[in-house]
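Residues per chain, in single letters:
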Amino acid sequence: MGRRKAKLRTRSKSVTVERASSQDVDEVDQETHEASTQASTQDVQPVVRVTRGPSKYLDIWDLPDEEVIELELNSEHQPVDDGARTFTGFLGTIARKPHMCPIRYLNWKVMPEENKEECWRLVERKYCVPVDPIAYAALKRFTLQKIGKAWRDHKSRLKKQHYIPDSRNKARVKSNVPTGCISQDWDILVEHWYTDDAVIESEKNKERRSKQDDVHTAGSCSFAVHAAKKAKTDGCPVERSVLYPILHTHKNGSIVNPVVAAKIDKMKELMVDPANHLQSSDTTGSIAWARDDVFAKVMGKERKGRIHGVGFGPSPSGRSSKNALTDIDTHSRQARDNEVAQLKATLATMEDKLADFDD
């Protein structure tokens, strides 16, 4: 198949439209102006922010069948080149397809496997995937994780736009089916929103979110993309404690909040000692990490799930998309271990028989 690198057009994010200008106010006569100043603030119309809506990535959807887009990966099989952002955005459009990723399912884990496989087959038709089985499985796992994240974000946006508290508004919300949603799926999702368990969980999540202070400024680019840019600029590997200040600093140089600033200062203080630096030669954009690195000493023990500060990929248990991705590899290792154990048992039996023979 023909190949081409992803160099796609970018478009402006949004256009802000002002409903009124100072010139319009100056043209109003004095009496009308005095009356308007006495009006309540509720009558003042806020500035309306008009956006173009979510990106559709039609240039990828309309890509001819004989062409695919090349995607550069780092050693952890994460997209890192300029096309990584476009790749993630395209996955978001898949997550919003009502027939490929129905919103009636409450959890990505219960999404039927045939739906996930359909999503992956579509990605294979549009992008040049690795031939190596380990890299292939890693990219597939990464892709489905990203689609699952985009699918959850899509449902969250739907709730933010359409949900009205109080069960008396349930019928009203159900009747307002958003564009691009199947009415039956929408009814199931709205019905779930108004259950007691969902309401309680939503309040708990809001409380947890309000206490979160570790907010990054990476934007739509992944951590791996920022790490790849840093490694290319410095010509040396990037570890979590080096990347953390970059991802938590605004363009004007200010840090997001005092709590994060204290963590950054502590990391810089520990990084002064060369003994705290990780030994790595990987400059592909993979983020170097260890259980006892400077980042871990400041941030604390890793929680269950993905590793803090490296994005999708490695896990705290040491099982990463690089070294444990395919069931074939796992089963082959288990088979070898079983064979070795059987040989050892046979050898022990033979030694016992030989000892009896000597006696």
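Everything here concerns the structure above.
All of these numbers come straight from a predicted model, not from anything done at the bench.

Cut-off values and rules
Residues numbered from 1 in each chain as written. Predicted model: local features only at pLDDT ≥ 70, side-chain atom pairs only at ≥ 80, totals over all residues. Heavy atoms only, no water. Axes fitted to C-alpha atoms, helices over the stretch in contact; angles between N-to-C directions. Helix = DSSP H or I, 4+ residues; strand = E, 2+ residues; numbered from the N terminus. Parallel < 35°, antiparallel > 145°, perpendicular 65-115°, else oblique. Left-handed = near helix turned anticlockwise from the far one by under 90°. Contact = heavy atoms within 4.5 Å. Nonpolar A, V, L, I, M, F, W, Y, C, P; charged D, E, K, R; others polar. Salt bridge = Lys/Arg side-chain N within 4 Å of Asp/Glu carboxyl O. Buried < 20%, exposed > 50% of the residue type's maximum accessible area, 1.4 Å probe, protein only. Patch = residues over 30% accessible without salt bridge, like charges linked within 9 Å, V, L, I, M, F, W, Y side chains within 5 Å. Areas by Shrake-Rupley, 256 points an atom, 1.4 Å probe, with all protein chains shown as cover. Lys, Arg positive; Asp, Glu negative; His and termini not counted. Charge placed at Lys NZ, Arg CZ, Asp CG, Glu CD.

Asks: If you had to explain the packing of helix α4 (residues 84-95) against helix α5 (residues 113-126) to someone new, which residues and values would you point to?
Replies: Any two packed helices are characterised by the angle at which their axes cross and by the distance between the axes. For the pair α4 and α5, the least separation of the axes is 11 Å and the interaxial angle reads 140°. Our classification of the angle between α4 and α5 gives oblique. For the crossing formed where α4 meets α5, the hand is right-handed. Taking contact as the criterion, the partners of Phe-87, Phe-90, Leu-91 and Ile-94 in α4 are, on α5, Cys-119, Leu-122, Val-123 and Lys-126. Split into classes, the residues belonging to the contact of α4 with α5 amount to 7 nonpolar, no polar and 1 charged.

Asks: Let's hear about the pattern of salt bridges: which residues, and what values?
Replies: Summed over all chains, the structure comprises 12 salt bridges. Across the salt bridge formed by Lys-140 and Glu-117, the nearest N and O atoms sit 2.9 Å from each other. With a gap of 23 residues between them, Lys-140 in helix α6 (residues 133-162) and Glu-117 in helix α5 connect regions that are remote in the sequence. A relative accessible area of 28% places Glu-117 in the partly exposed class.

Asks: Can you break down a negative patch on the surface residue by residue, with the values?
Replies: The grouping of Glu-351, Asp-352, Asp-356, Asp-358 and Asp-359 at the surface amounts to a negative patch. Along the chain, Glu-351 falls in helix α14 (residues 327-358). We classify Glu-351 as partly exposed; its relative accessible area is 49%.

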